[in-house]
Every structure is written in structure tokens, then in C-alpha cells.
Amino acid sequence: EETLTQAGGGMAQPGGSLTVSCEGSGFTFGAYWMHWVRQVPGKGLVWVARVSPEGRPEYADSVRGRFTASRDNARSTVFLHMNNLRVDDTAVYFCGSYLYIPYHFYMSRWGRGATVTVSS
Amino acid sequence: QSALTQPASVSGSLGQSVTISCTGSGSDIGAFDFVAWYQQHPGEPPRIVVYDVTTRYMWTSERFSGAKSGNTASLTISGLQDEDEADYYCSSYSRTSTILFGGGTRLNIL
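Remember, predicted model here, so these are calculated numbers, not experimental data.

A.B. asks: Explain unusual backbone geometry to me, using residue names and the numbers behind them.
C.D. replies: Here the phi dihedral of N84 of chain A falls at roughly 45°; this positive angle occurs in a residue that is not glycine. Considering the arrangement of structural elements, one finds N84 of chain A in the loop between β8 (77-82) and β9 (91-97). Phi at S97 of chain B is positive, roughly 65°, even though this residue is not glycine. Topologically, S97 of chain B is positioned in the loop between β8 (86-93) and β9 (99-101).

A.B. asks: I'd like a rundown of the nonpolar core, residues and numbers included.
C.D. replies: With 27 residues, the main nonpolar core has W36, V48, F67, L80, M82 and Y93 of chain A as its most contacted residues. Of all elements in the fold, only β3 (18-25), β4 (34-39), β5 (45-51), β7 (67-72), β8, β9 and β11 (114-118) of chain A reach the threshold of two or more residues within this core. Grouped together as the second largest cluster of nonpolar side chains are 24 residues, L45 and V92 of chain A together with Y89 and I99 of chain B included.

A.B. asks: So what's going on with the pattern of salt bridges? Residues and values would help.
C.D. replies: All names here are of chain A. A full pass over the atoms with the stated rule returns twelve salt bridges over all chains. Residue R38 is joined to D89 by a salt bridge in which the shortest nitrogen-to-oxygen separation is 2.9 Å. Here R38 is found in strand β4, whereas its partner D89 is found in the loop between β8 and β9, with 51 residues between them in sequence. Assigned by exposure class, R38 and D89 land together as buried. One network of salt bridges, with partners in common, ties together R38, R66 and D89.

Definitions and cut-offs
Residues numbered from 1 in each chain as written. Chains lettered and ligands numbered in written order. Predicted model: local features only at pLDDT ≥ 70, side-chain atom pairs only at ≥ 80, totals over all residues. Heavy atoms only, no water. Helix = DSSP H or I, 4+ residues; strand = E, 2+ residues; numbered from the N terminus. Core = buried A, V, L, I, M, F, W, Y, C linked by side-chain atoms within 4.5 Å. Buried < 20%, exposed > 50% of the residue type's maximum accessible area, 1.4 Å probe, protein only. Salt bridge = Lys/Arg side-chain N within 4 Å of Asp/Glu carboxyl O.

Following this line, the structure appears as C-alpha cells:
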């Protein structure tokens, strides 16, 4: 069974840093783009970033320059390093990938989410 | 990167059909056939329903169908069942190499 197991997150002050991680199992992790999507509780989904199988990241405008998406294929893990956090970064962060779909613009497997709270 | 536009809520009775719209622009929905729909129940991660505008994912019932015309995509759910009550989100790839989501639509079963 293909699964994504998330860890990390927590609380930080504005301007602080946090990291969330996502470990894949049951599939060839290194062959797939990986996405990060966030959701403020009670609100909608917002795409944050994606990382190519080779580790090349792309970002939403709202996080570019502050967040870094990376991966370690040997550990089947993708990371989202969040710096210079703002109160409006508070959300549940999901990782996802597109198993059994030809194109990498989708997420057919999702992690359970990691909560990030930014507050003074 | 503006979100795609969806109605906040739609309602339908058991056994009936509903359609949820998703409006974008010529830089996203109108430019590519990379539109997906996700279903999300409270406290759960989203679950893909349809991708490539019309292709149902392996676990998706035939009651769900996607379509697109110009800059607007739609998801039609026929034969409504209790378990269909959820939030639905559309997404599209965009010319800026980013992925846009709609604001979400709450489907209420009457």
C-alpha cells in the first residue's frame, strides 16, 4: 500500500522557522514529483510548492524566498523548510503525489497533514 | 496567483444530480486540460475524484463526471448519496508553472 507519513510542524513565533517532512512508502518515491499544499482550518486548499524527482523546486508567490522544498530520495523523504514565518502561514500542511496518473499536476495520495501555528 | 472561482455551496436531494462550476482564465483552465476535482470530508485529507478534466480516478464512481468549456470546468454528481456530502475543490495547472485551487464548494444533501 502506498502511504505518505508526515512529521514535524508545531509552533513558532513570527520570523521563526519550522520544518515539516513527508516519507513515502510502497512506491518508487524517487520517480515522482512531490507537492506541498496547505489549508487553514475551515478554509480552502492552497498549493505551496512542488519538487521534481531530481530535487528542483517550484513555489507559489506567497512563499517564494521564505520556504525551501527539498528531498532525500535515499530516505524517500521530502522536506518543507519554512523560514521568516508569518501569522498567515498558520495552516495544516499536506504532502501529496500523483500515483497512477501520467502527469505530475495532481495529488492522488496525500499525507494526513502537519499543523503549523505561527503566533506571538 | 488568484484562486479559481467556485460557488460556496450547492445542494441536492438524494438521487438527484448537481453540478459544481469552477471558473478560471485563459492562463489556467482555458490553456490546459490539466483540471482535477478533489473531495474532502471533515478531518480528512482531500481525495482525488477526477483528473485531466474528464478522467475518473481508479476509485471514483461513474456517478461523477467532469467537463470543461472555455475557462470554466464543472463536476456533475448524479444519483446523489449521503456519502457525497463533502467539500469539493477544483484545481488547474497554470501558465506560471503553479497549481491553482478553487475556493471550495460545500455539497449539502437535502
